Amino acid sequence: MHRTMATPDRLNLPKRMRRLRRTPVIRGLVNEVRVSLDDLIMPMFVKDGLLDPEPVGSMPGISRLSPDLAVQECQTLFEMGIKAVALFPCTEPSVKDPQGSESVNPDGLIPSLVRAIKAAVPAMVVICDVALDPYTSHGHDGVLSKDGGDVENDATVAILRQMAVVLGQAGCDWVAPSDMMDGRVGAIREALDDAGLASVAILAYSAKFNSAYYGPFRDAIGSKRAAGTGYLDKGTYQLNPANAREAIRDALLDETEGADLLMVKPAGAYLDILSRLRRASELPLVAYQVSGEFAQIQAAAQMGWLELERTRDESLLAIKRAGADLILTYFAKEYAIAHAAGES
Ligand code: PBG
């Protein structure tokens, strides 16, 4: 090997990593991962009876929209290059009940909105959550057992099947069970196929952890208020944040049951799960950068402690690098504005 004499001023270093970091152009050439607008999915909160957008206090820049405004927003997003949205309803307390009955109303807020979006922007990929929490008076993702002690798995799955069919019939492209009941992916697949909805795909919230990072989301959809003041513990159905192996087993079950895409949620604190699942499955992998991750960055930026744009972009890059193909993020729109050319 070629050697030069080391001197006090010059190390004898044949390998120097900085050679490929020398200029922005060189760094661009050896860049490994990019976030493109095609990777991003924008979550949207919708509420009936609003005239103006209603800001969500804990999520700067994010508002609940009326259905009309949500349709307009979809048009804007699509033109900007964001081609998928995930819809979440903020439901009036008056329509909530212990069974979450409103979840299967074909004329409810979400099914009606899906029809309106599909009429206005047919190519927009519309993703709908399948879970009862926006509709239950107690705020849980399913129906409770008679003694009220726990969420009942199989009785909940029976409702989720109907809910998925209602959403599929309304025209949604992907149903996204976010409830973490056992067996729901297989049951939903069967229900969709039986209803002639074979082309509706299932994005399974496969590795969804019992996380504190969902706080601002619960503000946004009002599921926190429904359940009282404390942070609702969903530990009997969502994954224990300590358990990586269990998360992979759960996700692989969803794959076996017929999931078309797998999701890890939250994203930033669970990059190890993303990277393990990337190796364990060949399905498209989706990460949800959840409300609390968004709020942390926004809050620190408001305090002047972090630079918003750089932190935002780095957080998304890290999620891609860990193995995500797609990212649900509340930053999707502002990322599209900041990177109008389509790539970072
Ligand atoms: C519940 C659901 C949650 C989110 C999406 N669907 C929260 C929860 O489990 O309470 C959280 C999303 C976010 O925090 O951005 N079905």
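Above this note sits the structure.
All of these numbers come straight from a predicted model, not from anything done at the bench.

Draft legend 1. Looking closely at the packing of aromatic side chains. Counted according to the given criterion, the structure contains 10 aromatic pairs. Between Phe-45 and Tyr-330, the ring centres sit 5.8 Å apart and the planes meet at 20°, which makes this aromatic pair stacked. Within this pair, whereas Phe-45 is found in strand β1 (residues 40-46), its partner Tyr-330 is found in the loop between β10 (326-329) and α12 (332-338), the two being separated by 285 residues in sequence. Both residues of the pair, Phe-45 and Tyr-330, count as buried.

Draft legend 2. A look at the side chain of Asp-129. Relative to the assigned elements, Asp-129 resides in strand β5 (residues 125-130). Comment: no salt bridge for buried Asp-129; closest opposite-charge side chain is Lys-208, at 5.6 Å. Side chain to side chain, Asp-129 and Ser-178 meet in a polar contact 2.6 Å long. A distance of 2.6 Å separates the side chain of Asp-129 from the side chain of Tyr-205, its partner in a polar contact. For Asp-129, the contacting residues outside a window of four places in its chain are Leu-87, Phe-88, Met-163, Leu-167, Ala-176, Ser-178 and Tyr-205.

Draft legend 3. Molecular detail of the site of the ligand. Around the ligand sit 18 residues in total, of which Ser-178, Arg-218, Lys-265, Ser-291 and Tyr-330 are the nearest. Within the side chain of Arg-218, one N or O atom sits 2.7 Å away from an oxygen atom of the ligand. Contact between the ligand and Lys-265: a nitrogen atom at 3.3 Å from a side-chain N or O atom of the residue. By residue class, the composition of the shell around the ligand is 8 nonpolar, 3 polar and 7 charged.

Analysis parameters
- Residues numbered from 1 in each chain as written.
- Predicted model: local features only at pLDDT ≥ 70, side-chain atom pairs only at ≥ 80, totals over all residues.
- Heavy atoms only, no water.
- Phe/Tyr/Trp six-rings, centres within 6.5 Å; stacked < 30°, edge-to-face > 60°.
- Helix = DSSP H or I, 4+ residues; strand = E, 2+ residues; numbered from the N terminus.
- Buried < 20%, exposed > 50% of the residue type's maximum accessible area, 1.4 Å probe, protein only.
- Lys, Arg positive; Asp, Glu negative; His and termini not counted.
- Salt bridge = Lys/Arg side-chain N within 4 Å of Asp/Glu carboxyl O.
- Polar contact = N/O pair within 3.5 Å; in protein donor to acceptor, adjacent residues only side chain to side chain.
- Contact = heavy atoms within 4.5 Å.
- Near = heavy atom within 4 Å.
- Nonpolar A, V, L, I, M, F, W, Y, C, P; charged D, E, K, R; others polar.

Note that every value here comes from positions in space, so none of it alone points to a role or purpose.
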